[in-house]
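Now for the letters of each chain:
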Amino acid sequence: MKKITVIVPCYNEEQALHYFYEEMERVAAQMPENTFEYLFVDDGSRDGTLAVMRELCAKDARVRYVSFSRNFGKEAAIYAGLTHATGDYVAIMDADLQDPPLLLPEMYRAVTGEGYDSAATRRVTRKGEPPIRSFFARRFYTLMNKISDVELMDGARDYRLMNRKYVDALLSLQEYNRFSKGLFGWVGFRTKWIEFENVERIAGETKWSFWKLFKYSLDGIVAFSSTPLYLSSIIGAGMCGVAMLAIVFIIVRQLLFGGSAYGWPSMACIVILIGGLQLLCIGILGLYLSKAYLEVKHRPVYIVKETETDAVERAGEDECKREE
Ligand code: UDP
Ligand code: MG
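An account of the accompanying structure is given in this report. (Residues numbered from 1 in each chain as written. Chains lettered and ligands numbered in written order. Predicted model: local features only at pLDDT ≥ 70, side-chain atom pairs only at ≥ 80, totals over all residues. Heavy atoms only, no water.)

Here helix H10 (residues 264–296) spans 47 Å end to end across 33 residues, near enough to the 48 Å set by a 1.5 Å rise per residue. Taken together, the buried positions of H10 are occupied by Cys281, Ile284, Tyr288 and Lys291. Tucked inside the fold, the buried residues of H10 contact helix H8 (210–224) and helix H9 (227–257). Backbone geometry just after H10 places His298 at a positive phi near 50°. (Helix = DSSP H or I, 4+ residues; strand = E, 2+ residues; numbered from the N terminus. Expected span 1.5 Å × (residues − 1). Buried < 20%, exposed > 50% of the residue type's maximum accessible area, 1.4 Å probe, protein only. Contact = heavy atoms within 4.5 Å.)

See the structure below:
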């Protein structure tokens, strides 16, 4: 009997969790040859998510959970899940059923029978998503594939099933700024891509604002590409070249036609342009530096407040009190 761990990052998902559990149980029933472990990661939720997890854990011994001391982000939740997972195979799935559990049997066949190390999913439509968000998401994937070495699939989800080797490889990457979509590609191995149509969230609402997604995409670029740095050096060098030509031009004009005082507006424009470019390049540099700064501090990726063992201990204490 092979064990499959299902990691579920949850942030304010009290409404969706029951639906998720029920749907997952239906799929688990279709895979009688496997045992399951549900590993819910509570990413510092402010609603009753933790209470739902405790409840599920109390009635089902296969349910485990890790609860963070605050919101550390989905990437931290995924990492915590991978660290705590004990299964032979590990799946990552969103709590809102946008990652259809029904695909799991097909993914399992790919990693057990077809020689793949992981089975990943990508959505081929973005139905139900705001058009602006889809537009920028598409541009991001095109840009990322141009400027970085790792291959990113357009529409790739974090939903995937991996074997132990693959999980251990991911865990061996000790970085603080974790951009999983890139890390999955970086570790290599053979991945089968399974496509599906976008499904809308079952309950609750999305946790990603446009601004959060924008910052996330910058994280991805900084983590997996040095192109912006090269680009700013190239622009800088180009501007130097233009300035040299301009100096020669001015000297020649001075010698041939004498002094002149015109040209102030154009001069002001040039100063502003170059000043702006300098700030931009310093900004890019700063972005990389700030990431490096966070990296050298070696802070933990997440801090755990409670796990299922605490729940068991607490239940034991309650039992003792009742007997007294
Ligand atoms: N999530 C999380 N921490 C966060 C934000 C989101 O663990 O800070 C979880 C969330 O509970 C869900 C998954 O990540 O299970 C995907 O989030 P969501 O559905 O809001 O994103 P979308 O599907 O809209 O991109
Ligand atoms: Mg979602």
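Once the structure has been displayed, the description carries forward.
A word on the state of the cysteines. Applying the stated criterion across every chain yields a total of zero disulfides. Take Cys10: it sits in no disulfide, and the sulfur closest to it among the cysteines is that of Cys57, at 13 Å. Residue Cys10 is classed as buried on the basis of its relative accessible area of 1%. Judged by relative accessible area, Cys57 falls into the buried class, the value being 14%. (Disulfide = S-S within 2.5 Å.)

What follows covers the coordination of the magnesium ion (ligand 2). Here the magnesium ion (ligand 2) is held by Asp96 (OD) and Gln98 (OE1), and the distances to it run 1.9 Å. You can call Gln98 buried: its relative accessible area is 15%. (Donors = N, O, S within 2.8 Å, 3.2 Å for Na, K, Ca; no water.)

What the second largest pocket holds in volume is close to 560 Å³. As for the second largest pocket, its lining consists of 20 residues, of which Ala246, Ile250, Ser266, Met267 and Ile270 are closest to the centre. Broken down by secondary-structure element, the contributors of at least two residues to the lining of the second largest pocket are H9 and H10. For the lining of the second largest pocket, the element with the most residues is H9, which contributes nine residues. Partitioned by chemical class, the residues of the lining of the second largest pocket number 13 nonpolar, six polar and one charged. (1 Å grid on protein atoms, 1.4 Å probe; cavity = no way out; pocket = protein on both sides within 12 Å on 5 of 7 lines; lining within 4 Å. Points joined across faces, edges and corners; volume = space filled by probe spheres on them. Nonpolar A, V, L, I, M, F, W, Y, C, P; charged D, E, K, R; others polar.)

No statement about biological role is implied by the geometric values presented.
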